[in-house]
Amino acid sequence: PPTGLEETDSVTLTRFVLHEQRKHPESQGDLTLLLTSVQLACKVTDSCVRKAGIAKLYGLAGGGNVSGDLQQKLDVISNETFKVNIESSQKVAVMVSEEEELPIVVEKHNRGKYGIAFDPLDGSSNIDSNVTIGSIFSIFHLPDAEDIHTTDDAARQIMQPGRKIVAAGYAMYGSATNLVLSFGNGVHGFTLDPSLGEFVLTHPNIRIPRRGKIYSVNEGNCKNWDKSVAQYIHSLKFPSEGKSPYSLRYIGSMVADVHRTLLYGGIFCYPADKKNPNGKLRLLYEGAPMAFIMEQAGGKASTGTENILDIQPHSIHQRTPVFMGSYEDVCDLESFCKSTS
Ligand code: P6P
């Protein structure tokens, strides 16, 4: 029978990260401290999201961001929260946010050796309908944090292929609040215990099923899809004799759709189409961190013709087509795209 001591043995995110750090004797704990500040930014954002209705935070804050979306108040608050907490860690020299047109260059006396790209509140168009939303981040080593004098220097140093990611993760503000992250040796999921205010390890070493039975795409765009994508999706709905069709699940919030795909398997797609020639999702703080996590969990992430982690960014807000999830499902998709490219 449970002894009741289990709770005292719960592994908090902080303990987990410290344990990981001990595997790298050369580390000075900078990444541990950086992740502590990211964790706090997620907790503050979680608190704001959960009280938004009561605090009348719903509705528009006016102004606009580089994506042209009308900023929601929560977008603004979460962006400010991420910037303030991460800068105060003194472990980063560059920050890129979906809400900031230019990279943020940290004052020299406050700099660390890392760069971080984040989408502080992804899925914000879903805020007022209380649909699950989230925060996404990717962390890179900068080649020379001292030698950054302009935003161009900052952009150049942080624009690295996803393969160079040091750590990446997402927080998901749903019925529970999860934080899923990877340092490059597996994917681990934590759940916020409100009574402790701590993220506790609940999903150690997440592995995505090799193949799934769910596809996730905005079917409303099918008129604009490339022929190969349309043929692939059709093959899921009208499979060969004796096979069952896939189910469709689409929440319209990347963090929620990716999280379900990670746990249940299948494929999440945001294809390029005639309206969005490079797709809609951003590479540096949406496509690449999620691709890193998918690969670390045994899955795959592709543009249709190349691995998302191999793309060398040329602008900090550039978009990329996204197909990610179970290894075999993404391979099937690629065979359709490569046969017609
Ligand atoms: P669509 C949310 O606005 C978002 O940026 C992602 O979270 C989500 O995957 C995608 O856009 C949904 O886009 O065009 O299907 O509404």
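The structure we're discussing is the one just above.
Below or above, wherever it landed, is the structure these notes cover. (Residues numbered from 1 in each chain as written. Predicted model: local features only at pLDDT ≥ 70, side-chain atom pairs only at ≥ 80, totals over all residues. Heavy atoms only, no water.)

## Quick look at the pattern of salt bridges
Any two side chains of opposite charge can pair, so long as their charged atoms come close to each other. Just so we agree on the cut-off: Basic side-chain nitrogens of Lys or Arg form a salt bridge, by our definition, when they fall within 4 Å of a carboxyl oxygen of Asp or Glu. In this text, helices come from DSSP runs of H or I with a minimum length of four residues, and strands from runs of E with a minimum of two, each type numbered from the N-terminal end. The classification of residues rests on relative accessible area computed with a 1.4 Å probe and restricted to protein chains. Under 20% of the type maximum is buried, over 50% is exposed, and intermediate values are partly exposed.
Taken as a whole and judged by the stated rule, the model has 18 salt bridges. The partner of Lys-91 in a salt bridge is Asp-30, with the nearest N and O atoms 3.1 Å apart. With a gap of 61 residues between them, Lys-91 in the loop between α3 (73-88) and β3 (92-97) and Asp-30 in helix α2 (residues 30-51) connect regions that are remote in the sequence. Here Lys-91 falls in the buried class, since its relative accessible area comes to 17%. Taken together, the shared-partner salt bridges connect Arg-210, Arg-211, Glu-328, Asp-329 and Asp-332 into one network.

## Topic: the sheet that holds strand β14 (residues 300-302)
The condition is simple: A pair of strands is considered paired only if DSSP assigns at least 2 bridges between the two.
Across the sheet, which stays open at both edges, the 5 strands sit in the order β12-β11-β13-β15-β14 with mixed pairing between neighbours. The sheet is open, and its two borders are formed by β12 (247-248) and β14, each paired with just one other strand. Pairing of strand β11 (residues 214-216) with strand β13 (residues 267-270), which is carried by 2 bridges, proceeds in the parallel orientation. When the bridges of β13 are listed, Tyr-215 appears paired with Ile-267.

## Concerning the packing of aromatic side chains
Rules: Stacked, tilted and edge-to-face are the three classes applied to pairs of Phe, Tyr and Trp rings, where Trp contributes its six-membered ring and a pair requires centres within 6.5 Å; stacked means planes under 30 degrees apart, edge-to-face means over 60, and tilted covers the rest.
One pass over the structure, following the stated rule, counts 3 aromatic pairs. Plain terms: the ring middles of Phe-16 and Phe-190 are 5.3 Å apart, the flat faces sit at 75° to each other, and that makes the pair edge-to-face. On the criterion of sequence distance, the pair formed by Phe-16 in helix α1 (residues 13-21) and Phe-190 in strand β9 (residues 187-193) is long-range, its members being 174 residues apart. Each member of the pair, Phe-16 as well as Phe-190, carries the same accessibility label: buried. Centre to centre, the rings of Tyr-232 and Phe-336 are 5.7 Å apart; their planes meet at 65°, and the pair counts as edge-to-face. Of this pair, Tyr-232 sits in helix α5 (residues 227-237) while Phe-336 sits in helix α8 (residues 327-340); the two residues are 104 residues apart in sequence, bridging distant segments of the chain. On the basis of relative accessibility, which here comes to 1%, the residue Tyr-232 falls in the buried class. On the basis of relative accessibility, which here comes to 25%, the residue Phe-336 falls in the partly exposed class.

## Regarding a positive patch on the surface
This is how it is decided: Residues forming no salt bridge and having over 30% relative accessible area are the ones grouped into patches, like charges within 9 Å of each other and nonpolar side chains (Val, Leu, Ile, Met, Phe, Trp, Tyr) within 5 Å. All accessible-area figures derive from a Shrake-Rupley calculation using a 1.4 Å probe, and residue coverage is judged against the displayed protein chains alone. Working convention for charge: Lys and Arg count positive, Asp and Glu count negative, and His plus the chain ends are omitted. Charge positions come from single atoms, namely NZ of Lys, CZ of Arg, CG of Asp or CD of Glu.
On the surface, a cluster of positive charge is made up of Lys-223, Lys-274, Lys-275, Lys-280 and Arg-319. With respect to the helices and strands, Lys-280 occurs in the loop between β13 and α7 (283-296). Judged by relative accessible area, which is 45%, Lys-280 ranks as partly exposed.

## Quick notes on the environment of Asp-119
What counts here: Only heavy atoms enter the contact rule, under which two residues are in contact if any of them lie within 4.5 Å.
Relative to the helices and strands, Asp-119 is located in strand β5 (residues 114-122). Remark: the alpha-carbon pair of Asp-119 and Ser-138, spanning 19 residues in sequence, is separated by 9.4 Å. If sequence neighbours within four positions are ignored, Asp-119 has contacts with Glu-98, Gly-134, Ser-135, Ile-136, Tyr-285 and Glu-286.

## Regarding the site of the ligand
Formally: Think of it this way: one heavy atom of a residue within 4 Å of a molecule or strand is enough to make that residue near it. We call two N or O atoms a polar contact when they sit within 3.5 Å, provided that within protein one can donate a hydrogen and the other can accept it, with sequence-adjacent residues counted only if both atoms are side-chain atoms. Each residue is assigned to one class: nonpolar for Ala, Val, Leu, Ile, Met, Phe, Trp, Tyr, Cys and Pro, charged for Asp, Glu, Lys and Arg, and polar for all the others, Gly among them.
Taken together, 13 residues lie near the ligand, and Asp-122, Asn-218, Tyr-250, Met-254 and Tyr-270 sit nearest. Between the ligand and Asn-218 there is a distance of 2.9 Å, counted from an oxygen atom to a side-chain nitrogen or oxygen. Contact between the ligand and Met-254: an oxygen atom at 2.8 Å from a main-chain N or O atom of the residue. In the complex, 81% of the free accessible area of the ligand, which totals 400 Å², lies under the protein chains. For the shell around the ligand, a count of residues per class yields 5 nonpolar, 5 polar and 3 charged.

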